[in-house]
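# Architecture at a glance
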Amino acid sequence: MTKAFNISKQLVMQAYKLVKANAGAGGVDRQSLEDFEVNLKDNLYKIWNRLSSGSYFPPPVKAVAIPKKTGGERILGVPTVSDRIAQAVVKLCFEPCVEPHFLPDSYGYRPNKSAINAIGITRERCWHYNWVVEFDNRGLFDNISHELLLKAVKKHTQCKWIILYIERWLKAPMQMPDGSLQQRDRGTPQGGVISPVLSNLFMHYVFDAWMKRIYPDNPWCRYADDGLVHCKSESEVQAMLEALKKRFEECELELHPVKTRIVYCKDGARKGQYLNKSFDFLGYTFRARACKNTKKNSMFINFTPAVSKTAVKAMRAKVKRDNVRNRTDLSLEEIAKWYNPILQGWLNYYGSYTRSGMYPIWRHFNKTLVAWAVRKYKSYRQRKTWASKFLEGISKCKPELFVHWRNGMQGAFA
């Protein structure tokens, strides 16, 4: 039987492997990836058959509230496993159409791009430009215009089934926690497989390409809905802020009134005064810090990034949430095996610049280990100092046991 659309079974299998690698929770049908795999062959065939025939209609996405690091909640729209695979099929075909058009300074959700790349280039630019506009979209994923987005999609592909299914995903309702369905006439659910590509495409025309066309001499950096524009003077940066507000309004978006602001990159050589002299970007705080010139063996003040207080607070909260101190059923070696991948991830990211900024989290984790030892060993229950000395001794004898120990950052135990 001839299918309406030529979609290969191999493409569906490739999409399934991508979804499996990213794992994730179940959607409105509560089907887990493991449940889906019980009848894998038939389930993949159903997806292929419906996509190929044009009869695939996405189910509602499940609304899940997750806490923001800065407070409040963000609503994710979690698709079912089958729908994630279907979205991955379209992504595999559509992303190559748009990716070559995206600009180098767009870093979010892109192949071979990372947040740490964005931190590195921003660090360098803050040395050469005195002023920054820090901007944040208010609810980008919730407010993208379907009409404008589909116009951008059609600019990059004439493939009928890609356009058809993207339009259906945009219109798929969201199932709220009380079971009610919320119809959507704008936005693309944060949590969908195709959403990052669509949001990047939208922001490419709203901001990236616009900046290149109108302000070619002003470097910028964007990661999803957060971005920065560098300027040389106060008058220039004030004009830039007004231009950005107007541009985003034209595209039916709104800049966050609190998180969007002007920052002066004050350091040892910049003597001017301004209300805002620091900004947070992707978990790092950029501000003036004392740095060492190793060649001259001298200290100087530089505008540079280090892990933010918000990120440190979030890491501490995770350690507490994981209840490490009460896992007396585990040995120290088992705790190391469990938590070292997490500690290594933190070190790889937040330790990339101003590694000393990670000291508070290492000290917190060491003190958590002390609390664990006090609970595990009766002889330490009234002698916390002994537990501290016990672990300090182990850190010196076995510095390879924990990630931060082996990097010479044992930290304080008391």
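Scroll up to find the structure this text is about.
Here goes a summary of the coordinates provided. (Residues numbered from 1 in each chain as written. Predicted model: local features only at pLDDT ≥ 70, side-chain atom pairs only at ≥ 80, totals over all residues. Heavy atoms only, no water.)

## Observations regarding the nonpolar core
Within soluble globular proteins, side chains that are nonpolar generally end up buried alongside one another. With 64 residues, the main nonpolar core has Ile85, Phe94, Val229 and Leu244 as its most contacted residues. When near neighbours in sequence (up to four residues on either side) are disregarded, Phe94 contacts Val153, His156, Thr157, Ile162, Ile166, Val197, Leu198 and Leu201. Phe281, Val307, Trp346 and Trp405 belong to the second-largest nonpolar core, a separate cluster that totals 53 residues. (Core = buried A, V, L, I, M, F, W, Y, C linked by side-chain atoms within 4.5 Å. Buried < 20%, exposed > 50% of the residue type's maximum accessible area, 1.4 Å probe, protein only. Contact = heavy atoms within 4.5 Å.)

## So, helix H5 (residues 115-128)
For H5, which comprises 14 residues, the first-to-last C-alpha distance of 21 Å matches the rise-based estimate of 20 Å (1.5 Å per residue) to within 8%. By the burial criterion, the buried members of H5 are Ala115, Ala118, Ile119, Gly120, Thr122, Arg125 and Cys126. (Helix = DSSP H or I, 4+ residues; strand = E, 2+ residues; numbered from the N terminus. Expected span 1.5 Å × (residues − 1).)

## Structural notes on the packing of helix H1 (residues 9-22) against helix H4 (residues 81-98)
Relative orientation of the contacting elements H1 and H4 amounts to 110°, with a least axis distance of 8 Å. Considering the angle they form, H1 stands roughly perpendicular to H4. In this structure, H1 crosses over H4, and the sense of that crossing is right-handed. In contact with Leu11, Val12, Gln14, Ala15, Tyr16, Leu18 and Val19 of H1, H4 contributes Arg84, Ile85, Ala88, Val89, Leu92 and Cys93. Of the residues that constitute the contact of H1 with H4, the class distribution is 11 nonpolar, 1 polar and 1 charged. (Axes fitted to C-alpha atoms, helices over the stretch in contact; angles between N-to-C directions. Parallel < 35°, antiparallel > 145°, perpendicular 65-115°, else oblique. Left-handed = near helix turned anticlockwise from the far one by under 90°. Nonpolar A, V, L, I, M, F, W, Y, C, P; charged D, E, K, R; others polar.)

## A short note on the pairing of strand E10 (residues 284-293)
In terms of strand pairing, strand E9 (residues 279-281) meets E10 through 3 bridges, oriented antiparallel. Across the sheet, Phe281 pairs through a bridge with Tyr284, a residue of E10. Once E9 ends, the chain turns through 2 residues before running back antiparallel as E10, passing Leu282 with a positive phi of about 55°. Of the pairings in the sheet, the one linking E10 to strand E11 (residues 298-307) comprises 10 bridges and is antiparallel in character. (Pairing = 2+ DSSP bridges.)

## Some remarks on the pattern of salt bridges
Between side chains of opposite charge, pairing is possible as soon as their charged atoms come close. Tallied over the entire structure, the rule returns 15 salt bridges. The salt bridge partner of Arg270 is Asp267, with a shortest N-O separation of 3.8 Å. Each member of the pair, Arg270 as well as Asp267, carries the same accessibility label: buried. Residue Lys398 is joined to Glu333 by a salt bridge in which the shortest nitrogen-to-oxygen separation is 3.8 Å. (Salt bridge = Lys/Arg side-chain N within 4 Å of Asp/Glu carboxyl O.)

## Remarks on the sheet that holds strand E7 (residues 226-231)
If you trace the 4 strands from one edge of the open sheet to the other, you get E6-E7-E3-E8, paired in antiparallel fashion. The outermost strands of the open sheet, each flanked by one partner alone, are strand E6 (220-223) and strand E8 (261-264). Averaged over all pairs of adjacent strands, the angle between their axes in this sheet comes to 20°, without regard to strand direction. Bridging between strand E3 (residues 131-136) and E7 involves 6 bridges; their strand directions are antiparallel. By the bridge assignment for E7, Val132 is matched with His230. Each of E3, E6 and E7 is contacted by H5, which is oriented at about 160° to E6, the strand it contacts most.

## Examining unusual backbone geometry
Outside of glycine, negative phi angles account for most residues, and trans bonds account for most peptide bonds. The residue Ala224 is not glycine, and still its phi comes out positive at about 60°. A positive phi is found at Leu282, a non-glycine position, where the angle reads about 55°. The topology assignment puts Leu282 in the loop between E9 and E10.

## Thoughts on the packing of aromatic side chains
Inspection of every chain in the model, using the stated rule, returns 28 aromatic pairs. Summarising the aromatic geometry, the rings of Trp131 and Tyr274 are spaced 5.0 Å apart at their centres and angled 90° between planes, so their arrangement reads as edge-to-face. Note that Trp131 is positioned in strand E3 and Tyr274 in the loop between E8 and E9, a separation of 143 residues in sequence. The class for Trp131 is buried, based on a relative accessible area of 7%. With a centroid separation of 4.7 Å and an interplanar angle of 10°, the aromatic rings of Phe279 and Phe286 are classed as stacked. Comparing Phe279 with Phe286, the two get one shared label, buried. Three or more aromatic residues joined by ring pairs make a cluster, and in this case those are Trp338, Tyr339, Trp346, Phe365, Phe402 and Trp405. The ring of Trp48 is capped by Lys9, whose NZ or CZ atom sits 4.8 Å from the centre of that ring. Lying across the ring of Tyr107, Lys113 places its NZ or CZ 4.7 Å from the centre. (Phe/Tyr/Trp six-rings, centres within 6.5 Å; stacked < 30°, edge-to-face > 60°. Lys NZ or Arg CZ within 6 Å of the ring centre and 35° of its normal.)

## Details of the pairing of strand E1 (residues 61-67)
Two faces make up the sheet, and in a regular strand the side chains alternate between them. Across 2 bridges, the pairing between E1 and strand E4 (residues 174-175) is parallel. Opposite Lys62, over in E4, you have Gln175 as the bridge partner. Inspection of the sheet shows E1 paired to strand E2 (residues 73-78) by 6 bridges, in the antiparallel sense. Each bridged residue has a counterpart across the sheet, and for Lys62 the counterpart in E2 is Val78.

## Topic: the packing of helix H7 (residues 146-156) against helix H8 (residues 160-171)
Between two packed helices, what matters for the description is the angle formed by their axes and the separation of those axes. Across the interface, H7 lies against H8 with an axial gap of 11 Å and an inter-helix angle of 160°. Between H7 and H8, the interaxial angle falls into the category roughly antiparallel. By crossing handedness, the relation of H7 to H8 is classed as right-handed. The segment H7 lies against H8, with His146, Leu149, Leu150, Val153 and Lys154 engaging Ile163, Ile166, Glu167, Leu170 and Lys171. Residues belonging to the contact of H7 with H8 are distributed by class as follows: 6 nonpolar, 1 polar and 3 charged.

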